Amino acid sequence: MNGKDYYIPAAAMAVSLAFKLPALRHNWRDPLLRSVVALLTLAGAVFTFAAPPTIAAVNRWTGIVNVSAPLVYCLITAFSASCLVLMVNWRGGPPEQTRLVSRRWILGYSAVVLSLIMLFALGETPVERLRDFDTYYANTPYIGHMIALYLLAHCVAAVVMVVLCWRWSLQVRGWLRVGLVIIVIGYIFNLSYDATKMTAVVARWSGHDLDGLSTFAAPPLASLGALISAMGFVVPLVCQRLSDHWQTWATYRRLGPLWHEVQISAPSGTPSVQMPWWSAAELRVIQRESDIHDGFLHLGPYFDKDLGDGAYESAVAAGADEETARAVAEAAMVAAAVRARSADPDGKAIGEDDETVLDAADGPRDLLRISHALRHSPVVHAVRREVTA
């Protein structure tokens, strides 16, 4: 892998981080948001400082041969800890327990970072190695231990992430499950990275040469694993938001038949609220529900309870369940009231004391059922034809 193979993923992480920073500024106390920002920051840093051009530049700027090696190892270790902390906060639970588990992971991996720095300081790496540091110094006192320690810490984090995400994926559904499965796949690539690196290092310990596994096979596995894992964290958030947006527009569309039905009940001269084309779907749904409820108020004096009871019995006789039959009855009352209101343009019935209040006005779910019944129920169609005749 050349420099751009590292810098492109780093740039992708930087773009994602840029979108998250405004939210962090307004809600910096959110532990989940802080965990996401920490993960994106460390992931971008790992790709940036692991690139061979950056390795050479850091070694040259500091004047310490191979100082980039412990720097990259520490960043990888911190990134592993950030993944575990993010998973703990993402899954949630009692705040005290979440903070305790997160703190333990942070303290444990902080100890690993300090150990990596200490082992590098105790060892000697006189020859600069930009691509094969792991295998070249695998048998060097202290440096070999440093290499084994960072691989072990990374492997432990990968195993824990696979186990946690897989168990959690068996308990949830929808986009969250998809995201967790993607994370598992990404960390399987990370485990493959650990396996190839460790195989090459162990081969050096035993006097064999499998350096190609560490130098050429492992880096693409790590890059691919990081990108897939990042997708796993992003997919549930983005897709769930898109799904919610789609459901909101579906609700707006499904309320259409009922909304159009009650428009005739609006008094003449009443101004119609025009929503701008850029209005959010949620606002449009709220406005449509408000228009429907206003229509119910104007139709109140024309609701016929006996007609509704008859429609309810007809729906039950046709095999409808309780909720559907109630919605059919209320839809039949609406259809009849609209036509009665049309036959009373002067509103002589308004102000009578026998006003009926629809139970449907209590929630949008019932409104959806009434709207569906207005369009599809044979009982409502029959009532509409009878009242019209």
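Residues numbered from 1 in each chain as written. Predicted model: local features only at pLDDT ≥ 70, side-chain atom pairs only at ≥ 80, totals over all residues. Heavy atoms only, no water.

Asks: Kindly report on the overall build of the protein, identifying the contributing residues and their values.
Replies: Regarding its fold elements, the protein presents 15 helices and 0 strands. In the protein, buried positions account for 46% of the 389 residues. Counting only contacts in the protein whose residues sit at least 6 apart along the sequence, the fraction spanning at least 24 positions is 74%. With an accessible surface of roughly 20,700 Å², the protein has 63% of that area assigned to carbon and sulfur atoms. (Helix = DSSP H or I, 4+ residues; strand = E, 2+ residues; numbered from the N terminus. Buried < 20%, exposed > 50% of the residue type's maximum accessible area, 1.4 Å probe, protein only. Contact = heavy atoms within 4.5 Å. Areas by Shrake-Rupley, 256 points an atom, 1.4 Å probe, with all protein chains shown as cover.)

Asks: Account for the layout of surface pockets, with residues named and values stated.
Replies: Empty space within the largest pocket amounts to approximately 640 Å³. If you trace the largest pocket, you find 34 residues lining it, with Tyr-6, Ala-50, Val-72, Ile-76 and Tyr-193 closest to the centre. Within the residue set of the lining of the largest pocket, elements represented by two or more residues are helix H2 (31-50), helix H3 (52-62), helix H4 (68-91), helix H6 (133-136), helix H7 (143-169), helix H8 (174-205) and helix H9 (211-254). The biggest single contributor to the lining of the largest pocket is H9, with 7 residues. (1 Å grid on protein atoms, 1.4 Å probe; cavity = no way out; pocket = protein on both sides within 12 Å on 5 of 7 lines; lining within 4 Å. Points joined across faces, edges and corners; volume = space filled by probe spheres on them.)

Asks: Summarise the confidence of the model for the protein; cite the residues concerned and give the values.
Replies: Across the protein, pLDDT averages 85, with 90% of residues at or above 70. By mean pLDDT, the top-scoring element of the protein is helix H5 (residues 95-122) (94), and the lowest-scoring one is helix H1 (residues 3-26) (77). (pLDDT = per-residue confidence, 0-100.)

Asks: Break down empty space enclosed by the protein for me, with residues and values.
Replies: If you walk through the whole model with that rule in mind, you get 1 cavity of 30 Å³ or more. Here the largest cavity is characterised by a volume of approximately 30 Å³. Taken together, the elements giving at least two residues each to the lining of the largest cavity come down to H2 and H9. In terms of residues, the lining of the largest cavity owes the most to one element, H9, which gives 4 residues. When the residues that make up the lining of the largest cavity are grouped by side-chain class, the tally is 7 nonpolar, 1 polar and no charged. (Nonpolar A, V, L, I, M, F, W, Y, C, P; charged D, E, K, R; others polar.)

Asks: Can you explain the pattern of salt bridges? Please cite residues and give values.
Replies: Counting across every chain of the model gives 8 salt bridges. The salt bridge involving Arg-129 is made with Asp-132; its shortest N-O contact spans 2.8 Å. As a salt-bridge pair, Arg-339 and Glu-261 come within 2.9 Å of each other at their nearest N and O atoms. Here Glu-261 lies in helix H10 (residues 256-262) and Arg-339 lies in helix H13 (residues 322-342), a separation of 78 residues in the sequence. The network of salt bridges with shared partners includes Glu-261, Arg-339 and Arg-384. (Salt bridge = Lys/Arg side-chain N within 4 Å of Asp/Glu carboxyl O.)

Asks: Can you explain the packing of H4 against H7? Please cite residues and give values.
Replies: One can describe the packing of H4 onto H7 by two numbers: an axis separation of 10 Å at closest approach and a directional angle of 20 degrees. On the basis of their axis angle, the class for H4 and H7 is roughly parallel. H4 and H7 meet at a crossing whose hand is left-handed. Across the interface between the two elements, Pro-70, Tyr-73, Ile-76, Thr-77, Ser-80, Cys-83, Leu-84, Met-87, Trp-90 and Arg-91 of H4 pack against Met-146, Ile-147, Tyr-150, His-154, Ala-157, Val-160, Met-161, Leu-164, Cys-165 and Trp-168 of H7. Its residues placed into classes, the contact of H4 with H7 shows 16 nonpolar, 3 polar and 1 charged. (Axes fitted to C-alpha atoms, helices over the stretch in contact; angles between N-to-C directions. Parallel < 35°, antiparallel > 145°, perpendicular 65-115°, else oblique. Left-handed = near helix turned anticlockwise from the far one by under 90°.)

Asks: Explain a nonpolar patch on the surface to me, using residue names and the numbers behind them.
Replies: Taken together, the side chains of Val-234, Leu-237, Val-238 and Leu-242 make up a nonpolar region of the molecular surface, amounting to roughly 350 Å² of accessible area. Position of Leu-242 relative to the elements: it lies in helix H9. Since its relative accessible area comes to 56%, Leu-242 is described here as exposed. (Patch = residues over 30% accessible without salt bridge, like charges linked within 9 Å, V, L, I, M, F, W, Y side chains within 5 Å.)

Asks: I'd love a proper account of the packing of aromatic side chains, names of residues and values included.
Replies: Summed over the entire model, instances satisfying the criterion amount to 8 aromatic pairs. Seen in terms of ring centroids, Tyr-73 and Tyr-150 are 3.9 Å apart; in terms of plane orientation they differ by 10 degrees. Their pairing is stacked. Here the residue Tyr-73 occupies a position in helix H4, and Tyr-150 occupies one in helix H7, the gap between them amounting to 77 residues. Judged by relative accessible area, Tyr-73 falls into the buried class, the value being 5%. (Phe/Tyr/Trp six-rings, centres within 6.5 Å; stacked < 30°, edge-to-face > 60°.)

Asks: Any details on the side chain of Ser-169? Residues and values, ideally.
Replies: Secondary-structure assignment places Ser-169 in helix H7. Residue class for Ser-169 comes out buried when judged on its relative accessible area of 1%.

Asks: Residue-level account of the nonpolar core, with values.
Replies: Met-87, Ile-147 and Met-161 are the most contacted members of the largest nonpolar core, which has 62 residues in total. Broken down by secondary-structure element, the contributors of at least two residues to this core are H1, H2, H4, H5, H7, H8 and H9. The biggest single contributor to this core is H4, with 13 residues. What Met-161 contacts, discounting residues up to four positions off in sequence, is Cys-83, Leu-84, Met-87, Ile-183, Tyr-187 and Phe-233. If you look at the next biggest cluster of nonpolar residues, it comprises 31 residues, including Trp-259, Ala-335, Val-380 and Val-383. (Core = buried A, V, L, I, M, F, W, Y, C linked by side-chain atoms within 4.5 Å.)

Asks: Summarise the environment of Ala-340; cite the residues concerned and give the values.
Replies: You can see Ala-340 is positioned in helix H13. Overall, the relative accessible area of 31% leaves Ala-340 in the partly exposed class. Each C-alpha atom, one on Ala-340 and one on Phe-303, is 8.7 Å from the other, the two residues being 37 residues apart in sequence.

Asks: Lay out unusual backbone geometry in plain terms, naming residues and giving numbers.
Replies: One non-glycine residue with positive phi stands out, namely Asn-66, at about 65 degrees. Mapped onto the fold, Asn-66 is located in the loop between H3 and H4. Under the relative-accessibility criterion, Asn-66 is labelled buried at 2%. Look at Tyr-142: it is not a glycine, yet its phi comes out positive at around 70 degrees.

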